[in-house]
Amino acid sequence: MPFGYFGKILHVDLTSGNIEVEEPPEAFYRKYMGGSAMGVYYVLKDVPPGTDPLAPENVLTLMTSVVTGTSVSGQSRINMNARSPLSGAIGDSQSGGFFPAEFKFTGFDGVVFRGRSPHPVYLTIIEGVAALHDASHLMGKITGETEKLLKVEVGDPKAEVMQIGPAAENGVRFAAVINMSNRLNGRTGMGLVMASKNLKAIVVRGKTKPQVADPDLLSKLHKLGPKWMPENPDVDGLGKLGTASVVLPQNMMGTLPTRNYTEGQFEYCEDISGERMAETILKKRDTCYACVVRCKRVVEVTEGKYTVDPHYGGPEYETCGTFGSYCAINDLAAISRANMICNMYGVDTITCGATIAWAMECFEKGIIGLEQTGGIELRFGDADAMLETLQQIVENRGPLGSILSLGSAAAAQVWGPASEELLVTVKNQEAPAHMPQAKKALAVVFAVNAFGADHQSSEHDPMYEEGTAQLYLDRLAELDLKDPPPYGSLGPEKVRFAAYTQIFYSILDTLELCQFVWGPAWCLYGPTELVDLVRAVTGWKVSLYELMKVGERRINLMRAFNAREGFDRSQDTLPKKFFKPLAGTGPTAGVAIDRQEFETALDLYYQIMGWTPSGMPTPAKMEDLGIHWVAEMLPQAV
Ligand code: SF4
């Protein structure tokens, strides 16, 4: 048996019900390594050009990596890819929890879904045996109920369940795929693709652990985690206060998006912070398989009008942002209830909260009225209005819910040009709670990222500006980043930082590693340990150079998919709002992205990546990355 992976990928044809096992050679695993790179490999090869994302011809992939399921923090993650119904571009989304490791223990590395089942089904993969089952009785059920029923049906409470919720069945375009009822493959609408295939759930249980080439080296790495954690204030704070530990620092920097990205400071930021959560509604900390950080929150509210069931976890920083400061709501119980509803029905909290915030600004500015909202006074700061709107979205009902369930970019097509001016979307995906007006490298990465604005696709500027901690600079130097520019720069050195750290994050999304544990700067483990991890698990004598090439390969596979579907530089844009001065208080008041500076940065980024001035990947770059088969798919104009 190979080390780290099983060499087996399931292929499930949902139209015929046929299930086959592919056994790719070692060279395939070493070239693509897993996760998103492996998933996009199948999507690019097997989805015909121009395919409707909700047609049976779209391919949906679920991939672990060559290190998933091993005993080290931050390795239990799993990726979904397909053509996205939100953007029409490549869709990409990752989740953690216990499902990813359990999936690996079934003896498979991934699964590729094709076709559409004639009736609702769920897939079980138990101890190496895969089978489809009728799921008609599960339709319309919220995630917690479905999870409970499926564990009983397979007769094992330790089985892990990944599923779509009612929102996907109701056609919500930003529907998520959810495991443990609180871990989401949230972004890019993968839940709606799964629903279009009539696939309700995937249930896994197994005891086959992957073999490790060098257990001593892996054990050494594993032990370094708890030793280093107290010495690393960023990771230690993440463990103690969850991702919401960054609410207050973000506010201090003026990068906490407020009132639909109009301001960078929220006057009630303390009320939605990780500190306040720990003092009030936190029930316990949770984790993912084998992770020492334990950043996940479980909250409970038993009194008042915003009760919260702890089964659905607790809000992340992004959720505190999108349902909190974006909407100017400072009630942590209401935000946690919004998080619970998103998890019960299965929708992405970023897109959902940001879409509601955008609708609130449209209402405040008189672009829409009570006729469009179905009578809801949709004002900033009104938690009841936010929760009612959310409920209508997940049920896809009423004049407001049915429009907003498409996401804000599609809704703006209905509400007109004045509403478009207020969008905060890139490639139709709502921007997360990190402001590129101040974190300028994110301006480039939000724009160029193949699946829309994303905060987990590169390192953030404060890690590479004058005054950065030495530990982080030592790690970044391993990527040849040794000359931190001044605060707020978008000059050449910052563009290099954007491109190089994007490539590094891309290998993390290929190896399916948690970016709070593994990273090029502030995380528990840095680039040296990443190389050690892949060597320890697989036995391959990899170098950082080889891993960076794998990361670059993934970016280019996604870029090639988009190019084939007609995407180029004209879609690598930022919302108009980002070029207007921010209102409010703090260090970013009056700050905007300079359009000329942004376009110059984009020019340089394309040159660094080896693409044309119009942002198209080239046949030469495909040859450079050993994926000449992709060159044939690129548009002739290149
Ligand atoms: S840091 Fe948090 S999200 Fe990442 S693996 Fe650990 S517990 Fe899971």
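In this text the structure is predicted, and so the values were computed from the model without any measurement.

## What to know about the overall build of the protein
Point 1. Secondary structure summary: the protein contains 26 helices and 16 strands in total.
Point 2. For 638 residues, the compact-globule estimate of 2.2 N^0.38 gives 26 Å, and the protein sits close to it at 23 Å.
Point 3. Projected onto the principal axes, the alpha-carbon positions of the protein cover approximately 65 × 60 × 55 Å.
Point 4. Burial status across the protein gives 61% buried among its 638 residues.
Point 5. For the protein, the proportion of contacts with a sequence separation of at least 24, taken over those separated by at least 6, is 70%.

## Remarks on the site of the ligand
Point 1. By nearness alone, 13 residues border the ligand, and Cys288, Cys291, Val293, Cys295 and Cys514 come closest of all.
Point 2. When its residues are assigned to classes, the shell around the ligand shows seven nonpolar, four polar and two charged.

## Describing the pairing of strand β9 (residues 160-163)
Point 1. Residue alternation in β9 divides its side chains into two sets, Glu160 and Met162 and Val161 and Gln163, and both sets are buried.
Point 2. Across four bridges, β9 lies against strand β12 (residues 199-205) in antiparallel orientation. Its bridge partner lying in β12, Gln163 is registered against Ala201.
Point 3. When β9 meets strand β10 (residues 177-179), the two strands line up antiparallel, connected through two bridges. Bridging from a neighbouring strand, Gln163 pairs with Ile178 of β10.

## Regarding the domain arrangement of the protein
Point 1. As assigned here, the protein comprises domain 1 (9-205), domain 2 (242-426) and domain 3 (440-631).
Point 2. Computed from C-alpha atoms alone, the centre-to-centre distance between domain 1 and domain 2 is 26 Å.
Point 3. Between domain 1 and domain 2, the residue contacts involve 33 residues of the former and 26 residues of the latter.
Point 4. If you list the elements that add at least two residues to the side of domain 1 that touches domain 2, you get α4 (143-153) and α5 (166-169).
Point 5. Among the elements that take part in the side of domain 1 that touches domain 2, α5 stands out by supplying three residues, more than any other.
Point 6. Residues belonging to the side of domain 1 that touches domain 2 are distributed by class as follows: 15 nonpolar, 16 polar and two charged.

## Details of the nonpolar core
Point 1. The biggest cluster of nonpolar side chains holds 213 residues, and the ones touching the most others in it are Ala175, Val347, Met386, Val444, Val517 and Leu557.
Point 2. Setting aside its immediate chain neighbours within four residues, Met386 contacts Phe323, Cys327, Ile329, Ala338 and Ile356.

## Examining the sheet that holds strand β6 (residues 110-114)
Point 1. As summarised here, the arrangement of the six strands in space is β2-β1-β6-β3-β4-β5, forming an open sheet in which the pairing is mixed. The sheet is open, and its two borders are formed by β2 (18-22) and β5 (90-95), each paired with just one other strand. In this sheet, adjacent strand axes meet at a mean angle of 15° when their direction is disregarded.
Point 2. In the sheet, strand β1 (residues 9-13) pairs with β6 via five bridges, with the strands oriented parallel.

## A closer look at helix α12 (residues 332-345)
Point 1. In this model α12 runs 20 Å from its N-terminal to its C-terminal C-alpha over 14 residues, within 8% of the 20 Å that 1.5 Å per residue would give.
Point 2. With respect to burial, α12 is a largely interior element, 13 of its 14 residues being buried.
Point 3. Residue Gly346 follows α12 closely and has a positive phi angle near 80°.

## Overview of the packing of helix α19 (residues 440-448) against helix α24 (residues 595-609)
Point 1. One can describe the packing of α19 onto α24 by two numbers: an axis separation of 10 Å at closest approach and a directional angle of 65°. On the basis of their axis angle, the class for α19 and α24 is roughly perpendicular. Both α19 and α24 take part in a crossing whose hand is right-handed. Taken together, the residues of α24 that come into contact with α19 (itself represented by Ala443, Val444, Ala447 and Val448) are Phe598, Ala601, Leu602 and Tyr605.

## Remarks on the packing of helix α21 (residues 492-511) against α24
Point 1. The geometry of α21 relative to α24 is characterised by a closest axis approach of 10 Å and an angle of 50° between their N-to-C directions. Relative to α24, the element α21 is oriented oblique. With respect to the hand of their crossing, α21 and α24 are arranged in right-handed fashion. On α24, the residues that touch Pro492, Val495, Arg496, Ala498 and Ala499 of α21 are Ala601, Leu604, Tyr605, Ile608 and Met609.
Point 2. A breakdown of the residues in the contact of α21 with α24 according to their chemical character gives nine nonpolar, no polar and one charged.

## Brief notes about the sheet that holds β10
Point 1. Taken in spatial order, the six strands of this open sheet run β8-β7-β12-β9-β10-β11, and their pairing is mixed. A strand with exactly one partner marks an edge of an open sheet, and here the two such strands are β8 (129-134) and β11 (183-185). Direction aside, neighbouring strands of the sheet carry axes that sit 20° apart on average.
Point 2. Bridge count between strand β7 (residues 121-126) and β8: six bridges; the pairing is antiparallel. What sits directly across from Ile126, in β8, is Val129.

## Remarks on unusual backbone geometry
Point 1. Of note, the phi angle at Met180 is positive, near 60°, even though the residue is not glycine.
Point 2. Within the secondary structure, Met180 is located in the loop between β10 and β11.
Point 3. Positioned with a positive phi, Ala290 is a non-glycine residue whose angle comes to about 70°.
Point 4. Structurally, Ala290 is set in the loop between β13 (282-286) and β14 (296-299).
Point 5. We classify Ala290 as partly exposed; it has 17 C-beta atoms within 10 Å.

## Observations regarding the environment of Arg183
Point 1. Among the secondary structure elements, Arg183 is positioned in strand β11.
Point 2. Residue class for Arg183 comes out buried when judged on the 26 C-beta atoms lying within 10 Å of it.
Point 3. Put simply, Arg183 and Asn343 are 160 residues apart on the chain and 8.2 Å apart in space, counted from C-alpha to C-alpha.
Point 4. With residues near it in sequence (within four places) discarded, Arg183 still touches Ser95, Gly96, Gly97, Phe99 and Ile178.

## Remarks on helix α22 (residues 527-538)
Point 1. Spanning twelve residues, α22 covers 17 Å between terminal C-alpha atoms, matching the ideal 16 Å at 1.5 Å per step.
Point 2. Taken together, the buried positions of α22 are Pro527, Glu529, Leu530, Leu533, Val534, Ala536, Val537 and Thr538.
Point 3. Buried residues in α22 make contact with α7 (215-228), α20 (470-477) and α23 (544-564).
Point 4. Looking one or two residues beyond α22, the residue adopting positive phi is Gly539, at roughly 80°.

Criteria and thresholds
- Residues numbered from 1 in each chain as written.
- Predicted model: local features only at pLDDT ≥ 70, side-chain atom pairs only at ≥ 80, totals over all residues.
- Helix = DSSP H or I, 4+ residues; strand = E, 2+ residues; numbered from the N terminus.
- Rg over C-alpha atoms; globule rule 2.2 N^0.38 Å.
- Buried ≥ 20, exposed ≤ 12 C-beta atoms within 10 Å, placed from the backbone.
- Contact = placed C-beta atoms within 7 Å.
- Near = placed C-beta within 6 Å.
- Nonpolar A, V, L, I, M, F, W, Y, C, P; charged D, E, K, R; others polar.
- Pairing = 2+ DSSP bridges.
- Domains from an automatic or database assignment.
- Core = buried A, V, L, I, M, F, W, Y, C linked by C-beta atoms within 7 Å.
- Axes fitted to C-alpha atoms, helices over the stretch in contact; angles between N-to-C directions.
- Expected span 1.5 Å × (residues − 1).
- Parallel < 35°, antiparallel > 145°, perpendicular 65-115°, else oblique.
- Left-handed = near helix turned anticlockwise from the far one by under 90°.

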